[in-house]
Amino acid sequence: MMSECEPNETDPVVADDIAPVAAAAAAASTTDLNFRSQEPLSTLFDRNTVGSGTNPGVAIRISGSCESVLTELETDGSGEETLLLPCLSGGTSSPRGERQKRTRRNRRSSSSDKDNLTSPGNSSGDFNHFPGDPEFGDIIQRAEQAIEGGVFPERISQGSSGSYFVKDSKGKILGVFKPKSEEPYGHLNPKWTKYFHKLCCPCCFGRGCLIPNQGYLSEVAASLVDTRLGLGVVPKTKAVYLVSETFHYNTIDRAKSRGKKYALEMVPKVGRHFHRVGLPPKLGSFQLFVEGYHEADYWLRRFEAEPLPENIRKQLQSQFERLVILDYVIRNTDRGNDNWLIKYEKPGEGEGEKVSCVDTWTVYSAIQIAAIDNGLAFPFKHPDEWRAYPFHWACLPQAKVPFSQETRELVLSRLSDMNFVQDLCEDLYELFMADKGFDKTMFERQMSVMRGQILNLSQALKDNKTPIQLVQMPRVVVERRRTGGQGRVVTLGTAFTQTFHCKRPFFSSW
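Quick caveat, the model's predicted, so the values are computed rather than measured. (Residues numbered from 1 in each chain as written. Predicted model: local features only at pLDDT ≥ 70, side-chain atom pairs only at ≥ 80, totals over all residues. Heavy atoms only, no water.)

### Thoughts on the sheet that holds strand β7 (residues 282–288)
The five strands lie next to each other as β3-β4-β5-β7-β6, forming an open sheet whose pairing is antiparallel. At either end of the open sheet lies a strand with only one pairing partner, and these are β3 (154–155) and β6 (237–242). Judged from the four bridges that link them, strand β4 (residues 164–167) and strand β5 (residues 173–179) form a sheet pairing that is antiparallel. Across the sheet, residue phenylalanine 165 finds its bridge partner in β5, namely valine 176. Here helix α4 (residues 215–229) sits on the sheet in contact with β5, β6 and β7, set at roughly 35° to β7. (Pairing = 2+ DSSP bridges. Helix = DSSP H or I, 4+ residues; strand = E, 2+ residues; numbered from the N terminus. Contact = heavy atoms within 4.5 Å. Axes fitted to C-alpha atoms, helices over the stretch in contact; angles between N-to-C directions.)

This is how it looks when you write it as structure tokens:
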């Protein structure tokens, strides 16, 4: 069983703050408040990266469990780790084989927000820094200025958790903020109906294959995977801190905020010593808002009545294939036709949208897909309890068309690189480890599922399969082999084992 670690949303208190608070309380005849301390999040990680100079061999392993073991890849014992890559042929050299090896100590990933997941200061602007993405940082700054000016985020009524439209000073929506503490299993979730749903019908609430309260990390990680694969279907998403009166806080936090403000007004000399005046910032995911998009259901019904021109249909198919690849790699358990969007400009209505893909090409597309709501992805096991959480796009006509040559070349150019999966797992490690509830064992299980998905995806692209054939492939888990250790310390070796996951959920189509 997993244990859920809830973050402490209250502000840290230093010794210098306690005496001024007590003095202000005595002078103003206010009620004494208890303060809880919060440890800053640690983001240190010191581990050498994996080399690519290994020559894997094949061995057969027999297991008595319900999982059918396929193969086990061994290295030549050189002491370097390699992540299992699907269907590698030929030598182990790669386009990036000559690049300088990056160590965990020296590498700073611009996509992981570990530098931002630290203890908050006087305001959210003190730690929302994005030196590698000044455009995103400017958007966050505009949101903070709007909140200070009284334009507060607006809570979204849909969904099972607290999420908010964040606006600028003119009321224009900038993005969607989803605080960690207001997730479905969060202790400050404002959706009370979901709370009773969880108590009265637990088998239909939540997902037993996901780690609780990691939805905000899943949102950010999906954007990271999208960027690494060059898909361009996920709006940019990063982890940020924001504070607003419209967020859901407990009574203690609001009382502390009122007490500090009152003390600052009555005894300014004492109030200046406060570590922070106001509500504590909330950590969560911030996804840029996309304009002009509608739910996929809306456009798909119209496309049935009004068939698209051939060139637009090919654009839609290409975009759809990228959505399929993203969802399959991250094993999204919540992809319905209501949480992916389509933007379509009919010929003559506009010049289309500029679509840029990392290290590929740039085109102008009249139709574009946006994959939102990626917070229920990266499971630590394949669904095998009550529900199967299938991909609902598998029943669409587009899922019966084989992957295009363009998509196959785009994705296989990355998956054929031995360093790609290694770098991706390292970036995800840096992102997930910044969470206070991070568990390295559970993270390794998450990566085992993702490696298995990548293995199937690579094989399906090489075999020119369709998306529906892809989701029908046997579920594979690629686990890192344990080599023993001393006491409670377990050492993960340089070999990986591929296994079939045979256990099926009770409801196979729900």
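### Remarks on the sheet that holds strand β9 (residues 340–344)
Spatially, the three strands line up as an open sheet ordered β8-β9-β12, and their pairing is antiparallel. Single-partner strands in this sheet number two, and they are β8 (294–295) and β12 (367–371). Bridge count for β8 against β9 is two bridges, and the pairing is antiparallel. Bridged to glutamate 295 within β9 is leucine 341. Most of the contacts of helix α7 (residues 296–305) go to β9, to which it runs at about 50°, and overall it touches β8, β9 and β12.

### A look at a nonpolar patch on the surface
A surface patch of nonpolar side chains, about 380 Å² in accessible area, is lined by Trp192, Phe196 and Leu199. Mapped onto the secondary structure, tryptophan 192 falls in helix α3 (residues 192–200). (Patch = residues over 30% accessible without salt bridge, like charges linked within 9 Å, V, L, I, M, F, W, Y side chains within 5 Å. Areas by Shrake-Rupley, 256 points an atom, 1.4 Å probe, with all protein chains shown as cover. Salt bridge = Lys/Arg side-chain N within 4 Å of Asp/Glu carboxyl O.)

### Brief notes about the pattern of salt bridges
Here the structure, examined in full by the defined rule, presents 14 salt bridges. Notably, a salt bridge pairs glutamate 154 with lysine 167, separated by 3.0 Å at the nearest N-O pair. Highlighted residues: glutamate 154 in strand β3 and lysine 167 in strand β4, separated in sequence by 13 residues. Overall, the relative accessible area of 41% leaves glutamate 154 in the partly exposed class. Its salt-bridge partner being glutamate 291, residue lysine 172 comes within 3.8 Å of it at the nearest N-O pair. Taken together, the positions of lysine 172 in the loop between β4 and β5 and glutamate 291 in the loop between β7 and β8 put the pair 119 residues apart, joining distant regions of the chain. (Buried < 20%, exposed > 50% of the residue type's maximum accessible area, 1.4 Å probe, protein only.)

### Overview of the packing of helix α10 (residues 418–432) against helix α11 (residues 440–462)
Two elements in contact, α10 and α11, have axes separated by 11 Å at closest approach and are oriented at 145°. α10 and α11 meet at a crossing whose hand is right-handed. On α11, the residues that touch Val421, Leu424, Cys425, Leu428, Tyr429 and Phe432 of α10 are Lys440, Phe443, Gln446, Met447, Met450, Arg451 and Ile454. Across the contact of α10 with α11, the residue classes tally to ten nonpolar, one polar and two charged. (Left-handed = near helix turned anticlockwise from the far one by under 90°. Nonpolar A, V, L, I, M, F, W, Y, C, P; charged D, E, K, R; others polar.)

### Some points on the side chain of glutamine 317
Tracing the backbone through its elements, the reader meets glutamine 317 in helix α8 (residues 310–330). By relative accessible area, which is 8% here, glutamine 317 ends up buried. Discounting residues that sit within four places of it in the chain, glutamine 317 has contacts with Gln398 and Val401.

### Quick notes on the nonpolar core
Within the largest apolar cluster, 66 residues are counted, with the highest numbers of intra-cluster contacts made by Trp340, Ile342, Phe378, Leu428, Met450 and Leu457. Top element by residues in this core is α8. It accounts for ten residues. Core analysis: the next-biggest nonpolar cluster, separate from the first, contains 15 residues, Tyr164, Val166, Val240 and Leu242 among them. (Core = buried A, V, L, I, M, F, W, Y, C linked by side-chain atoms within 4.5 Å.)

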